[in-house]
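# Working through the structure, step by step
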Amino acid sequence: MDIYQIKDLKKPTLIQKIFGKIPVENSIIEINNLFALNQNDLINITTDKISEIEKRYKINLTNKFKEDRIELYKLTLQYYLKDLKLYNPELESLNHIKDILKLEKTDTDTILKKETVQLYKQAVKNAVKFGDIDDVEKEKLLQLQKNLLIDKDTANTIYKGVAVDEYQKYVKDFISDERLSPDEELRLKEIASNLGIDYVIDSRSKEILNKYKLYWQIENSELPEIYSDISIQKSEKLHFETNVNWLEQRTITKRFNYSGPTARLKIMKGVYYRVGSISPQRITEDEWCKIDSGKLYLTNKRLIFMGSKGNKTIPLNKILDIKAYKNGVDIQKDTGKSPFLEFSNKVDIFTLILVRLLNEN
């Protein structure tokens, strides 16, 4: 397979013909064709041959067609990398191309690193795609690292990045239902161990996994039990406590409207006298009003509220329905005023536990 293809030179425009000019872009086309004709031995392309083209087109290649020159270098490099190894003659050829095309070493080093890193990264992806990597695959990656002239630190960085990305795919799949069972957690630990990475990548991941583990436990296993100095029955178990505001709906008068038959009599300019009967109408709305603040306790039998103004108890069997919100839970009782328990800390945990208890009562 050829690395380069012969290209046709551009024909001069009418103006260029009149003034005896030749299209300057033909200079890089001629260089491309020089590469195409000598692709089996690029060392044959000497600096003198490139200089002759520069002189004929009156250009300094250093300042012209940089992207085209880089593309010629890149095509050569990609061809040499097809067997996933760079041999010394190939490295000599690449260095020769850099010199005759007047490319900066920083540019060619960047291209070389980008191409080799991309190949190594794909090899790592293939090696860890099933959440495991054996000694044979590790040895292959080590050999590829050497063949592609990638330093150890870079190779380790690439491997860890790819392994973490692959591991996160499993995490995302396992917690797609916002639950993490013991079996799923065990599998994640196995994958992390097999890939040689940490089970929990960062504090945010740890927080999420712990939350979904607790969700699963609340719904499927023993409810978490906490201990407090509150006095409860021997048969009771305390599962949750938090500070809340106890809100109840109150009817509030917003304004008064007046209605009734009236008439207006003119007494003098700008002065009128109203006759008739007007009766006021009360316009009211129900609003949530803060009744008290205090501590809320959830046991397997009841909700206990200990406020600054008094204590309240709601047996679980008296709760008809609940609605959870970001800032608290609306409790619908079978009798009496139904409260809104306003709090923002772990509303999700409280709701899951309460739902579990209501289903069991």
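Here is a short report on the structure shown in this document. (Residues numbered from 1 in each chain as written. Predicted model: local features only at pLDDT ≥ 70, side-chain atom pairs only at ≥ 80, totals over all residues. Heavy atoms only, no water.)

Assigned secondary structure in the chain consists of 11 helices and 9 strands. In terms of C-alpha radius of gyration, the chain reaches 40 Å, well past the compact-globule figure of 21 Å for 361 residues. Overall, the chain is about 110 × 85 × 30 Å in size when its C-alpha atoms are taken along their principal axes. Among the 361 residues that make up the chain, the fraction classed as buried is 36%. Put simply, of all contacts in the chain between residues at least 6 apart along the chain, 61% involve residues at least 24 apart. As presented, the chain carries roughly 22,900 Å² of accessible surface, and 49% of it is formed by carbon and sulfur atoms. (Helix = DSSP H or I, 4+ residues; strand = E, 2+ residues; numbered from the N terminus. Rg over C-alpha atoms; globule rule 2.2 N^0.38 Å. Buried < 20%, exposed > 50% of the residue type's maximum accessible area, 1.4 Å probe, protein only. Contact = heavy atoms within 4.5 Å. Areas by Shrake-Rupley, 256 points an atom, 1.4 Å probe, with all protein chains shown as cover.)

For the rest of this paragraph, the subject is helix 7 (residues 135–147). Taking 1.5 Å of rise per residue, the 13 residues of helix 7 would be expected to cover 18 Å, and the 18 Å separating its terminal C-alpha atoms lies within 8% of that figure. Within the sequence span of helix 7, burial applies to Leu141, Leu144, Gln145 and Asn147. Projected down its long axis, helix 7 carries its buried residues within an arc of 160 degrees, all on one side. Counted as exposed and oriented over 90 degrees from the buried face of helix 7: Asp135, Val136 and Lys146. Those residues of helix 7 that are buried lie in contact with helix 6 (105–128) and helix 8 (152–174). The backbone nitrogen of valine 136 has a side-chain oxygen 3.3 Å away, supplied by the residue at the start of helix 7, namely aspartate 134. Looking one or two places after helix 7, you find leucine 149, whose phi comes out positive at around 60 degrees. (Expected span 1.5 Å × (residues − 1). Arc of directions from axis to C-beta. Polar contact = N/O pair within 3.5 Å; in protein donor to acceptor, adjacent residues only side chain to side chain.)

Here we take up the packing of aromatic side chains. Summed over the entire model, instances satisfying the criterion amount to 10 aromatic pairs. Arranged with centres 5.7 Å apart and planes meeting at 50 degrees, the rings of tyrosine 212 and tyrosine 215 form a pair that is tilted. With tyrosine 212 and tyrosine 215 both in helix 10 (residues 203–220), this residue pair falls 3 residues apart, about one helical turn. Tyrosine 215 carries the same exposure label as tyrosine 212, and that label is buried. Where phenylalanine 343 meets phenylalanine 350, the ring centres are 5.5 Å apart and the plane angle is 85 degrees; that geometry is what we call edge-to-face. Accessibility expressed as a relative area gives 5% for phenylalanine 343, which makes it buried. What makes phenylalanine 350 buried here is its relative accessible area of 0%. (Phe/Tyr/Trp six-rings, centres within 6.5 Å; stacked < 30°, edge-to-face > 60°.)

Here we take up the side chain of arginine 69. Topologically, arginine 69 is positioned in helix 4 (residues 66–80). Buried charged residue arginine 69 carries no salt bridge. Nearest counter-charge: aspartate 107, at 7.2 Å. (Lys, Arg positive; Asp, Glu negative; His and termini not counted. Salt bridge = Lys/Arg side-chain N within 4 Å of Asp/Glu carboxyl O.)

Examined bridge by bridge, strand 7 (residues 319–325) and strand 8 (residues 328–333) share 6 bridges and lie antiparallel to one another. Residue pairing across strands places lysine 323 opposite aspartate 330, the latter belonging to strand 8. Two successive antiparallel strands, strand 7 and strand 8, enclose a turn made up of 2 residues. (Pairing = 2+ DSSP bridges.)

Quick look at the packing of helix 2 (residues 26–37) against helix 3 (residues 47–57) now. In contact at an axis separation of 10 Å, helix 2 and helix 3 are set at 160 degrees when each is read in the N-to-C sense. When the axis of helix 2 is compared with that of helix 3, the two are roughly antiparallel. Two packed elements cross with a definite hand, and for helix 2 against helix 3 that hand is right-handed. Mapping the contact onto sequence places Asn26, Ser27, Glu30, Ile31 and Leu34 in helix 2 and Lys49, Ile50, Ile53, Arg56 and Tyr57 in helix 3. Within the contact of helix 2 with helix 3, the residues separate by chemical class into 5 nonpolar, 2 polar and 3 charged. (Axes fitted to C-alpha atoms, helices over the stretch in contact; angles between N-to-C directions. Parallel < 35°, antiparallel > 145°, perpendicular 65-115°, else oblique. Left-handed = near helix turned anticlockwise from the far one by under 90°. Nonpolar A, V, L, I, M, F, W, Y, C, P; charged D, E, K, R; others polar.)

Quick look at the pattern of salt bridges now. On inspection of all chains with the given rule, the structure shows 16 salt bridges. The closest approach of N and O atoms between lysine 10 and glutamate 25, which form a salt bridge, is 3.9 Å. On the criterion of sequence distance, the pair formed by lysine 10 in the segment before helix 1 (14–18) and glutamate 25 in the loop between helix 1 and helix 2 is long-range, its members being 15 residues apart. Residue classification places glutamate 25 among the partly exposed positions, given a relative accessible area of 28%. Here lysine 169 ties to glutamate 166 by a salt bridge, and the two come within 3.6 Å at their closest N and O atoms. Residue lysine 169 and its partner glutamate 166 are located together in helix 8, separated by 3 residues, close to a single helical turn. Assessed through its relative accessible area of 53%, lysine 169 is described here as exposed.

Another aspect to go through is the pairing of strand 6 (residues 311–315). Here strand 5 (residues 302–307) runs beside strand 6; their pairing, made up of 5 bridges, is antiparallel. Bridging from a neighbouring strand, methionine 306 pairs with asparagine 311 of strand 6. Hairpin geometry of strand 5 and strand 6 is characterised by an intervening segment of 3 residues between the two adjacent antiparallel strands and by a positive phi of about 160 degrees at glycine 310.

Positioned with a positive phi, leucine 84 is a non-glycine residue whose angle comes to about 60 degrees. Within the secondary structure, leucine 84 sits in the loop between helix 4 and helix 5 (88–100). In this structure, glutamate 178 is a non-glycine residue whose phi angle is positive, near 60 degrees. One can find glutamate 178 in the loop between helix 8 and helix 9 (182–195).

Distances and angles like these do not, on their own, reveal function.
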